[in-house]
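# A structural walkthrough
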Amino acid sequence: MIRILHVTDPHLFADPDGSLRGTATQASLQRVLDHYRAGDWQADRAVITGDLIQDDSAEAYDRFRDLLLPLKMRMHCVPGNHDVRELMRKICCVPPFSYCAYEEIGDWLLIGLDSCVSGDPGGLLTTEELERLSDTVSRSDANHVMVCLHHPPVEMGSTWLDSVGLRNGDEFLQCVQSLGKVRLAVFGHVHQPYDAARDGIRILATPSTCRQFLPGSEKFAVDDRPPAYRRITLKSDGSFDTELVWVDAD
Ligand SMILES: [Fe+2]
């Protein structure tokens, strides 16, 4: 069994007291990490699917590194639309972090994709990125694959969010279906939970470690739900268990 901790969209600032729509993002991420550490479910890897920072600053990435390092495990990171690739790479290309990387663990291959388009809150997987996915999966001896990206490859049923989703989600889904070994795709960006299956591939979103968005909303609206993280336990037969953990105040 391989246990994966999924945390996403921390939106940190250089200012430790910086807040996103009323939520102090550093304190909120810290609360999530403390909750994880206090539990008896211990992960082998962490996956962080983008929007690490909010204010384009190198200091916010330093803050991210310092907050996550105590987890003492390998951490797979992919960028979100709020990330600055060159600043993020300086932190996330240095172990124990990795950036849009792949790793074979037991029967599983984990791979992170870059779905970001500069200057665009919506996402797109380039032909090169889809080819990298196909090549990596085809070359791997692993029987099962978990894909990590920032943008949702499916519609969320929320007009404003669906206008900034993954513009070639259908192409991505066709690609992963044709590969035959992809069991799940996890993403962030939507700041709300999502759990569905498409042709046998599970598609999962985890809410943010800070402020959530209101599901099903036509226009932008925040939700009062607390921060969250997700536990995923990958099994050698290709099945997996997952549990969403909301971190209520106190
Ligand atoms: Fe976000």
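Summarised in this report is the structure supplied together with it. Not measured: the values here are computed from a predicted model. Residue numbers run consecutively from 1 along every chain, following the written order of its sequence. Given that the model is predicted, a residue must reach a pLDDT of at least 70 before its local features are reported, and side-chain atom pairs must reach 80 or more before they are shown or counted; all residues, however, enter totals for whole chains, interfaces and linings. Side-chain numbers come from the whole structure's heavy atoms, not from hydrogens or water.

## Considerations on helix 1 (residues 25-38)
The end-to-end C-alpha distance of helix 1 is 20 Å, a good match for the 20 Å that 14 residues give at a rise of 1.5 Å each. Of the surrounding secondary structure, the elements contacted by the buried residues of helix 1 are strand 1 (2-7), strand 2 (19-20), strand 3 (23-24), helix 2 (58-68) and strand 17 (228-234). Note on conventions: DSSP H or I runs of at least 4 residues are helices, E runs of at least 2 residues are strands, and numbering of each starts at the N terminus. Expected span, for any helix, means 1.5 Å times one less than how many residues it has. Any pair of residues with heavy atoms lying within 4.5 Å of one another is described as a contacting pair.

## A few points about the state of the cysteines
The term disulfide is used for any two cysteine sulfur atoms that are within 2.5 Å. Summed over the entire model, instances satisfying the criterion amount to zero disulfides. Cysteine C92 shares no disulfide, and the gap to the nearest cysteine sulfur, in C77, comes to 3.7 Å. Exposed residues in this analysis have more than 50% of their type's maximum accessible area, buried residues have under 20%, and partly exposed residues fall in between, with area computed by a 1.4 Å probe over protein chains only. What makes C92 buried here is its relative accessible area of 0%. Free of any disulfide, C210 has its nearest neighbouring cysteine sulfur in C77, separated by 16 Å. Here C210 falls in the buried class, since its relative accessible area comes to 2%.

## Here we look at the pattern of salt bridges
By definition here, a salt bridge exists when the distance from a side-chain nitrogen of Lys or Arg to a carboxyl oxygen of Asp or Glu is within 4 Å. Tallied over the entire structure, the rule returns 12 salt bridges. Bridged by salt links that share partners, the residues R45, R74 and E103 form one connected network.

## Quick look at the sheet that holds strand 18 (residues 240-246)
When DSSP finds two or more bridges between two strands, those strands count as paired. Taken together, six strands build an open sheet; the order of strands is 6-5-4-1-17-18 and the sheet is mixed. What marks the edges here is a single partner per strand, and that holds for strand 6 (97-99) and strand 18. Strand-to-strand, the axes of this sheet are offset by a mean angle of 20 degrees, without reference to chain direction. Summarising the sheet, strand 4 (residues 45-49) and strand 5 (residues 74-78) pair through five bridges and their orientation is parallel. Residue pairing in the sheet places V47 in a bridge with H76 of strand 5. Angular values range over 0 to 180 degrees, each being the angle between N-to-C directions of two axes fitted as lines to C-alpha atoms, with helices fitted over their stretch in contact. In this fold helix 2 packs onto strand 4, strand 5 and strand 6, with an angle of close to 130 degrees to the strand it touches most, strand 6. The sheet strands contacting helix 3 (residues 85-92) are strand 5 and strand 6, and the helix crosses strand 6 at an angle near 145 degrees.

## Some thoughts on the side chain of H11
Its location among the elements puts H11 in the loop between strand 1 and strand 2. Residue H11 is classed as buried on the basis of its relative accessible area, which comes to 3%. Pairs of N or O atoms are called polar contacts if they sit within 3.5 Å, as long as, within protein, a hydrogen donor faces a hydrogen acceptor (for residues adjacent in sequence, only side-chain-to-side-chain pairs). A distance of 2.5 Å separates the side chain of H11 from the side chain of Q54, its partner in a polar contact. Excluding anything up to four places from it in sequence, H11 contacts L20, T25, D51, L52, I53, Q54, H82, H191 and C210.

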